[in-house]
Amino acid sequence: MELQHTLAVLVVVLALSFDFTNGFHDAANAIATSVSTRALTPRIALAMAAVMNFIGALLSTKVAETIATKIVDLGDVSAIPDDPERQKMIMVVIMAALVGAISWNLITWWFGLPSSSTHSLIGGLVGAGLAGGLGVFFFELRDRVVMPMIISPTVGFLAAFVLMVVVIWLVRRRNPHKVYRRFRWAQTVSAAAMALGHGLQDAQKTMGVIFLAMLGVGWASPGHTIPLWVKLSAAAAISLGTYSGGWRIMRTLGRRIIELDPARGFVAETTAATVLYLNAFWLHAPVSTTHTITSSIMGVGASKRLSAVRWGVAKNILIAWLLTIPAAAAVGAVAYWVLHALLL
């Protein structure tokens, strides 16, 4: 097997490893609210989230196509099969991008900060791509990544706030114990919807990276569909990662931002899931499930009173958000230079 093909296989393994870390890093996105309100036990919630992640990963490939074709510019793809040196360079770029993304995922996981696996991957691709001399689609990056990064959490916050106010008004004369019991049941559905949205969004990013590697080594062309084995392996990796759990971040989302009750948990999950579906099916934008659920939790908290949200914790999370793309890009660039020196 030639070096570029060996590197392509390593990229697939590394991409699935990233997918696994994405699963345990973002497990909290789908189930933290349900666990914190005791609507579901942790293990049942994790098992449900893993299954729904798998199903969601198979529903669409539009986000995967965005990652594969709208972030870094491979140039004349038709000439790649006849240029082994370019193939090697592209494989090293993708490997370095994954190193940057995985490194930032692990750093933020260790500190319990719900940063974005999506943006760590995109940052890694941009940093490694620029270091390797590839072009970057900056206008696509602005329209499909940066704008949704700003708009989606804002919409999540405002929509969750408004919906929570409506729910409070509708149940204002009902027995609180009965209301909470019913919302605990409803949270089973909303948590499943959130987990489905997580699979729909985040597993596709790994599919996109693997397909990008296939394009870069001449195993596919832009007109090809993403192979079934890529979909199934990405779905399985994120599901296994989800089931392994992400307890540090779960505590942050479930309790440190605001003490959630079942009604607020239901509204936060429902709002976040809706935002994820709209971006995946309509805009084809790779938005962050972490940003979306966190902003929705802040929105339902603010509906109680502004002081109910622990804004100090929120500030730390916001700092992690702002640092993610440049930090992952920097690690990706350094990883490219190191891997280029070692392998090429």
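Only a predicted model underlies this, so the values are computations on that prediction, with no experimental measurement involved. (Residues numbered from 1 in each chain as written. Predicted model: local features only at pLDDT ≥ 70, side-chain atom pairs only at ≥ 80, totals over all residues. Heavy atoms only, no water.)

Undergrad: Please explain the overall build of the protein as it appears in this structure.
TA: If you tally the helices and strands in the protein, you get 12 helices and two strands. Considering the protein as a whole, with its 344 residues, one finds that 57% of them fall into the buried category. Taking contacts inside the protein between residues at least 6 apart in sequence as the whole, the part at least 24 apart equals 88%. (Helix = DSSP H or I, 4+ residues; strand = E, 2+ residues; numbered from the N terminus. Buried < 20%, exposed > 50% of the residue type's maximum accessible area, 1.4 Å probe, protein only. Contact = heavy atoms within 4.5 Å.)

Undergrad: Could you clarify how one ought to interpret the packing of aromatic side chains in this entry?
TA: Within a pair of aromatic rings, the relevant descriptors are the distance that separates the centres and the angle that separates the planes. According to the stated counting rule, one finds one aromatic pair in the structure shown. Arranged with centres 5.5 Å apart and planes meeting at 50 degrees, the rings of F183 and F266 form a pair that is tilted. In this pair, F183 sits in helix α7 (residues 176-216) while F266 sits in helix α10 (residues 262-283), placing the two residues 83 residues apart along the sequence. Exposure remark for F183: the relative accessible area of 12% places this residue in the buried category. What makes F266 partly exposed here is its relative accessible area of 22%. (Phe/Tyr/Trp six-rings, centres within 6.5 Å; stacked < 30°, edge-to-face > 60°.)

Undergrad: How do you make sense of the side chain of T118 when you look at a structure like this?
TA: Residue position: T118 is located in helix α5 (residues 117-131). Dropping the residues within four chain positions of it, T118 is found in contact with D202, K205, P286, V287 and S288.

Undergrad: Help me understand the nonpolar core, please; the structure alone is not making it clear to me.
TA: Counting residues in hydrophobic clusters, the biggest one holds 54 residues, and the most contacted among them are I71, M91, I94, L98 and L125. Put simply, the parts of the chain that give this core at least two residues each are α1 (3-36), α3 (62-69), α4 (84-110), α5, α6 (138-170), α7, α8 (228-244) and α12 (311-343). Considering each element in turn, this core owes the most residues, 12 residues, to α4. Counting 17 residues, the second-largest nonpolar core is a separate cluster that includes M164, M194, V267 and V300. (Core = buried A, V, L, I, M, F, W, Y, C linked by side-chain atoms within 4.5 Å.)

Undergrad: Is there a simple way to think about α3 in this case?
TA: Three or four residues apart is the spacing at which side chains of an α-helix point the same way, because the helix has 3.6 residues per turn. Listed in full, the buried residues belonging to α3 are V63, A64, T66, I67 and A68. Residues of α3 that are buried sit in contact with α5, α6, α7 and α10.

Undergrad: How do you make sense of α5 when you look at a structure like this?
TA: Between the first and last C-alpha of α5 there are 21 Å, a value that for 15 residues agrees with the 21 Å anticipated at 1.5 Å per step. The element α5 is extensively covered by neighbouring structure, given that 13 of its 15 residues are classed as buried. Remark: G133 follows α5 within two positions and exhibits a positive phi of approximately 85 degrees. (Expected span 1.5 Å × (residues − 1).)

Undergrad: Which parts of the structure should I look at to understand the layout of surface pockets?
TA: If a probe the size of a water molecule is rolled over the atoms, the empty space left behind becomes visible. Considering only enclosed or pocket space, the second largest pocket measures out at about 230 Å³ in volume. Every element with two or more residues in the lining of the second largest pocket is listed here: α6 and α10. Its residues assigned to classes, the lining of the second largest pocket shows nine nonpolar, four polar and one charged. (1 Å grid on protein atoms, 1.4 Å probe; cavity = no way out; pocket = protein on both sides within 12 Å on 5 of 7 lines; lining within 4 Å. Points joined across faces, edges and corners; volume = space filled by probe spheres on them. Nonpolar A, V, L, I, M, F, W, Y, C, P; charged D, E, K, R; others polar.)

Undergrad: Help me understand the packing of α3 against α7 in this model?
TA: Axis angle and axis distance: for two packed helices, these are the angle between their axes and the distance between the axes, and together they describe the pair. For the pair α3 and α7, the least separation of the axes is 7 Å and the interaxial angle reads 40 degrees. Our classification of the angle between α3 and α7 gives oblique. Helix-helix and strand crossings are classified by hand; for α3 and α7 the assignment is right-handed. Facing α3, whose interface residues are K62, V63, A64, I67, A68 and T69, α7 presents Q201, Q204, K205, M207, G208, V209, F211, L212 and L215. Classifying every residue of the contact of α3 with α7 gives nine nonpolar, four polar and two charged. (Axes fitted to C-alpha atoms, helices over the stretch in contact; angles between N-to-C directions. Parallel < 35°, antiparallel > 145°, perpendicular 65-115°, else oblique. Left-handed = near helix turned anticlockwise from the far one by under 90°.)

Undergrad: Explain the environment of A191 to me, please; I cannot follow it from the model alone.
TA: Tracing the sequence through the fold places A191 in helix α7. By relative accessible area, which is 0% here, A191 ends up buried. Sequence spacing of A191 and A45 is 146 residues, and the spatial spacing of their C-alpha atoms is 8.1 Å.

Undergrad: Looking at this structure, how should I read unusual backbone geometry?
TA: Although it is not a glycine, H284 adopts a positive phi angle of roughly 60 degrees. Turning to its location among the elements, H284 is positioned in the loop between α10 and α11 (289-304).

Undergrad: Is there a simple way to think about a positive patch on the surface in this case?
TA: A cluster of basic residues, R174, K178, R181 and R182, forms a positive patch on the protein surface. Note on placement: K178 falls in helix α7. (Patch = residues over 30% accessible without salt bridge, like charges linked within 9 Å, V, L, I, M, F, W, Y side chains within 5 Å. Areas by Shrake-Rupley, 256 points an atom, 1.4 Å probe, with all protein chains shown as cover. Salt bridge = Lys/Arg side-chain N within 4 Å of Asp/Glu carboxyl O. Lys, Arg positive; Asp, Glu negative; His and termini not counted. Charge placed at Lys NZ, Arg CZ, Asp CG, Glu CD.)

Undergrad: Can you help me understand the side chain of S288 in this one?
TA: Structurally, the position occupied by S288 is in the loop between α10 and α11. Residue S288 is classed as buried on the basis of its relative accessible area of 4%. Of note is the side chain of S288, whose polar atom sits 3.0 Å from the backbone nitrogen of H291. Those residues in contact with S288, other than ones at most four positions away along the chain, are S116, T118, H119 and L276. (Polar contact = N/O pair within 3.5 Å; in protein donor to acceptor, adjacent residues only side chain to side chain.)

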